[in-house]
Each structure stands twice: as structure tokens, then as C-alpha cells.
Amino acid sequence: MAPAGLFVRNARIHPTTSTGEALSDLAVDGDTIAAIAPAGALPPDGRPELDAAGCLLSPPLVDPHVHMDAVLTVGEPRYNESGTLIEGIFTWAERKPSLTHADVKARALEAIRWEVAQGTGLIRSHVDVCDPNLVALKALLELREEVRDIVDLRLIAFPQDGILSFPNGKELMREAMRLGCDVIGGIPHYEWTRDDGVEEVHFLFDLARETGAPIDLHCDETDDEQSRFLEVVAARTMRDGMEGRVVAGHTTAMGSYNDNYAFKLIQILRRAGVTIVANPLDNIVLQGRFDTYPKRRGMTRVKELDAAGINVACGHDSIMDPWYPLGRGSMLDALSMLVHVAQMTGRAELFRAYEMVTTNPARAAEVPWGVKEGLPANFVVFDCADEAEAVRLRPAARWVVRGGRIVAETEPARSVIHRAGSTTPVSFIKPGGAG
Ligand code: 17E
Ligand code: FE2
């Protein structure tokens, strides 16, 4: 049954940079945005009303890169004490044999609820397919259908232990796509040799030709400046006419390349229309672990890629897993880390960065995204005035709307200060000071 409709008053609609401070009303019919007009100009026509009270009304956040099979496994069977990527991979390999269908579904559902409650409407999850029984994949394929009412979940076949370096690796990738994975993943920098990594990339593109699926691979997630698989990805993207359908995640080696090589690479990435997904929460703790000082930040060149016209997005990557013991499913936490590590704290840069958790990852997923008449009624009212404030405050997602239906709501935190010698609270504040 279609929802009864909705009427949201007094919203600042994204992108606020073009609409200034003006307040708008937004009317929803069924699952579609029917009208947007200056506040007061539209009749609510009996629709249930929400008062945004000047808050930001944004397209839902998008998490383009997370590992839902591994979420909430931190400490199982042990903690990653070195904090390195490799100890994370080895710890996960120890956890994998005890994965069960129910265990994967329960953990992933919990993390998905956290993400949805904080405004995420589209999630692309990698799923490790280096498992002869594909336990996690089968669980998440089922969950993808079961959570459709609250989120659009897409699955990426991810060969964590390599394709050539893992027994039956190619067949497991093919089987994952036959079972219904949406996207082809990869990990060329983890193969035993450079040649194997190049062969892996060619295998991914051959599989894309056979299946018609897009590609989203982990690429060059290392501080080794000699890890250069991204150029092979860009070249195959152009040769196969896959412009706009290829995503490369992490690409942290770009933080270590010399500028001459980085400049050449950025030119071919732009021509190839490859999207780059940075995962700042994980990579600020995983990279630089073999450095003393100066210590590298180990993030891809977010600001420079964006300035060169490349589609750049930001992922959460981990929520309490062997790679990252922290995290709470907040894309605004991930974005806050991105603007710090990339030093995107200029006024316009904060607004630009916001696109990296909304418009840009949606473009990479080939999904129309935005708050416009005629588009699906998917949006979030955040408890803040604009995108820069969303980055600063990481505010409550007051209402999360999907297909015209409220799928999550959160009361913003309020604090009361008790002064000495007074029996009545004298100030009533919202931490951070917005609104
Ligand atoms: N696997 C990997 O190869 N890299 C990561 N950052 C995570 C899983 C979280
Ligand atoms: Fe990842």
C-alpha cells in the first residue's frame, strides 16, 4: 500500500549553497516528491505534516564501501594488536571458519540499523568470497531482500585473500556473480606477484564483460609507492568502454606516489571516469604503521582528485571489525575524518566534501539521487542548518524518509546545566550550539 503522503515545512533543501537561506516546503505523494516551493506557498492538502524548523533536508547519505560480513566481530577470536592491514586480514581469516548464516545476518542487520538511523539510504557492501561455502554471501543475499523497506543494499563480490592466490579463486568469483552479487570486487595488490595482480585485474574486466556487472575493487591499499594497479584498471576501463562503471577503493598508495606519476595517473583516471572511494576512518589507523617520523597519513589524494574533476566518494569501510575497532555506522563520522585528513576545511571545501557522502557515491552506483520534484521521496532532515554544519556537528537524523515512508526518527540530544546555588536549570543547550 502506498504511504498517505507527507508534507515537510520550513526546510533548507540541499544543496543549500545554491538556495541560500530560503526555506521551502516539500510535498510527497505516494513514494514520489510531488512538489517543492517557497515556505507557505503550497497547501498541505491533508497530508501528515513535519516541521523541519529551518533544518537541512538532504538526500539520504550513501555508504559506498563497507564490509557488512565483518561488522561487530572485533575481538573475535582476538584483537588486532599491531593495527596493520595484514594483521586484520589474518585475524579475519581466523574468524571466517566460525561464520554462520544466522551470525552474519544478525550482525549485518544491527549495523544496517545503525546506518539507517543516522541517515544512510544506500549501502554498497563488500562480501568476502574466499570461502568454499560462501556462507557470508548467502546470508547477505537473503538480508538484501529482507531490508528493502529500510535501505537499498548492494553486494560486491570481494576476494579478500586474492583470486589467483586463493584455491579456486576464479570459480568462487564466478559463483558469487551467478548467485546474484551486484558488483565485481577485487584486490590486485594482495596477489603474490605483480604479474598475478595484473592478471587479476584482467580477470575482473573479463568477468564484467561476461556478466554485464560493474566493478568496485580494493586497489593499492598499501603505502608501497610501487603498487600501481590503478593504471591497469584505468586502461582496461577505457579499452572496454566501462567509463563511469568502475570504482576503485582505498588507493592509499597514491598518498606515497611521486607527484610526476600521480599527475599522469590522475589524467588517465579522469579520462576513464573511474570513481575513487576513500575510507579515511580505516586508513588513518591502518596506514603509516611501518613509518617512524615523518609518518604518512596514508590516504588517497582526495582534494587533488576532486579538483581534477574525478568523482570522489567516502566510505565507512569498517564498524568494529579486525581492521578498525571503533565506528558506529555514521557516514558523517567518516566524512569528518575525511575533511581532517584531506585538509578540506576551507568554507567551500566543507560543502564540496558533503557531496562525497551523497551525490558522488550515488553517481558511482548509477542511482538518481537528489531532492527534486519527480524523484523518489528519499530524504533526511538533519538537526542542523546546512551541509558544513552537518560535517561539524554530525547531528541527529530527525527523520529518515524512504519511498515516502518515515523509516527512522531520532530525538536530538539536549543538555541542561545546573548552576551552583540555583534550584532551577538556567540554561538549556544543545551541545555544539546549532539550531
Ligand atoms: N579488507 C581489506 O583488504 N581492507 C580493509 N580496509 C578492510 C577489509 C576493512
Ligand atoms: Fe575495504
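Residues numbered from 1 in each chain as written. Chains lettered and ligands numbered in written order. Predicted model: local features only at pLDDT ≥ 70, side-chain atom pairs only at ≥ 80, totals over all residues. Heavy atoms only, no water.

Draft legend 1. Seen up close, the overall build of the protein chain. Scanning the protein chain for helices and strands turns up 14 helices and 18 strands. Since a compact globule built from 435 residues should have a radius of gyration of about 22 Å, the 22 Å found for the protein chain is in line with a globular shape. Referenced to the eigenvectors of the C-alpha coordinate spread, the extents of the protein chain come out at roughly 65 × 55 × 45 Å. Split into buried and exposed, the 435 residues of the protein chain put 60% on the buried side. (Helix = DSSP H or I, 4+ residues; strand = E, 2+ residues; numbered from the N terminus. Rg over C-alpha atoms; globule rule 2.2 N^0.38 Å. Buried < 20%, exposed > 50% of the residue type's maximum accessible area, 1.4 Å probe, protein only.)

Draft legend 2. Expanded view of the layout of surface pockets. Of the voids in this model, the largest pocket is the one considered here, and its volume is about 400 Å³. Around the largest pocket sit 22 residues that line it, and Leu 85, His 189, Tyr 190, Glu 221 and Thr 222 are the ones nearest its centre. The greatest single-element share of the lining of the largest pocket, amounting to 3 residues, is contributed by helix H2 (residues 85-95). Looking at the lining of the largest pocket, its residues break down into 8 nonpolar, 8 polar and 6 charged. Volume-wise, the second largest pocket comes out at about 310 Å³. In this structure, the second largest pocket is lined by 20 residues; those nearest its centre are Leu 393, Arg 394, Pro 395, Ala 396 and Ala 413. (1 Å grid on protein atoms, 1.4 Å probe; cavity = no way out; pocket = protein on both sides within 12 Å on 5 of 7 lines; lining within 4 Å. Points joined across faces, edges and corners; volume = space filled by probe spheres on them. Nonpolar A, V, L, I, M, F, W, Y, C, P; charged D, E, K, R; others polar.)

Draft legend 3. Inspection of the coordination of the iron ion (ligand 2) at higher detail. At 2.1 to 2.5 Å from the iron ion (ligand 2) lie its protein donor atoms, namely His 65 (NE2), His 67 (NE2), His 218 (NE2), His 250 (NE2) and Asp 317 (OD). On the primary sequence, the residues serving as donors to the iron ion (ligand 2) are separated as H-x1-H-x150-H-x31-H-x66-D. Here His 65, found in strand S6 (residues 61-66), pairs with His 250, found in strand S11 (residues 246-250); they are 185 residues apart in sequence, far enough to count as distant. With respect to burial, His 65 and His 250 carry one shared label: buried. (Donors = N, O, S within 2.8 Å, 3.2 Å for Na, K, Ca; no water.)

Draft legend 4. Structural view of the side chain of Asp 317. Following the sequence through the fold, Asp 317 ends up in the loop between strand S13 (312-314) and helix H11 (331-341). Arg 124 provides the closest opposite charge to the buried, salt-bridge-free Asp 317, at an N-O distance of 12 Å. Discounting chain neighbours no more than four positions away, the residues touching Asp 317 are His 65, Val 66, His 67, His 250, Asn 279 and Asp 282. (Lys, Arg positive; Asp, Glu negative; His and termini not counted. Salt bridge = Lys/Arg side-chain N within 4 Å of Asp/Glu carboxyl O. Contact = heavy atoms within 4.5 Å.)

Draft legend 5. Spatial organisation of empty space enclosed by the protein. Per the stated rule, a full pass over the model turns up 3 cavities of 30 Å³ or more. Approximately 80 Å³ is the volume found for the largest cavity. Lining the largest cavity, in full, are His 67, Leu 85, Phe 158, Gln 160, His 218, Glu 221, His 250, Asp 282, Leu 286, Asp 317, Ser 318 and Trp 323. For the lining of the largest cavity, the class distribution of residues is 4 nonpolar, 5 polar and 3 charged. Considered class by class, the residues forming the lining of the second largest cavity number 6 nonpolar, 2 polar and no charged.

Draft legend 6. Just the pattern of salt bridges, in detail. Summed over all chains, the structure comprises 36 salt bridges. Put simply, Glu 142 and Lys 105 hold a salt bridge, and the shortest N to O gap is 2.6 Å. Here the residue Glu 142 occupies a position in helix H4 (residues 135-146), and Lys 105 occupies one in helix H3 (residues 101-117), the gap between them amounting to 37 residues. Overall, the relative accessible area of 36% leaves Glu 142 in the partly exposed class. Between Asp 149 and Arg 405 there is a salt bridge, with the nearest N and O atoms lying 3.8 Å from each other. Here Asp 149, found in the loop between H4 and strand S8 (152-158), pairs with Arg 405, found in strand S16 (residues 405-409); they are 256 residues apart in sequence, far enough to count as distant. Here the salt bridges do not stand alone but share partners, grouping Glu 76, Arg 95, Asp 103 and Arg 107 into one network.

Draft legend 7. Inspection of helix H7 (residues 230-239) at higher detail. Taken together, the buried positions of H7 are occupied by Leu 230, Val 232, Val 233, Ala 234, Arg 236 and Thr 237. Packed against the buried residues of H7 are helix H6 (194-211), strand S10 (215-219), S11, helix H8 (259-272) and strand S12 (275-278). Following H7 by one or two positions, Gly 241 adopts a phi angle in the positive range, close to 65 degrees.

Draft legend 8. Examining the packing of aromatic side chains more closely. One pass over the full model with this rule turns up 2 aromatic pairs. Ring geometry for Trp 92 versus Trp 323: centroids 6.3 Å apart, planes at 50 degrees, classification tilted. Of the two residues, Trp 92 is situated in helix H2 and Trp 323 in the loop between S13 and H11; the sequence distance between them amounts to 231 residues. Trp 92 gets classed as buried once you look at its relative accessible area, which sits at 2%. Taking the centre distance of 4.9 Å and the plane angle of 85 degrees together, the rings of Tyr 257 and Tyr 261 count as edge-to-face. Note on Tyr 257: relative accessible area 5%, which makes it buried. (Phe/Tyr/Trp six-rings, centres within 6.5 Å; stacked < 30°, edge-to-face > 60°.)

Draft legend 9. Looking closely at the pairing of S11. For S11, the tally of buried residues reaches 5 of 5 residues, placing the bulk of the element in the interior. Strand direction decides the pairing type here: S10 and S11, joined by 5 bridges, are parallel. Paired with Ile 215 across the strands is Val 246, a residue of S11. Handedness of the crossover joining S10 and S11 through H7 is recorded here as right-handed. In this structure, S11 lies alongside S12, joined through 3 bridges in parallel fashion. Note on S12: the bridge partner recorded for Val 247 is Thr 275. For the crossover from S11 across H8 to S12, the handedness is right-handed. (Pairing = 2+ DSSP bridges. Right-handed = clockwise from strand over helix to strand, strands pointing away.)

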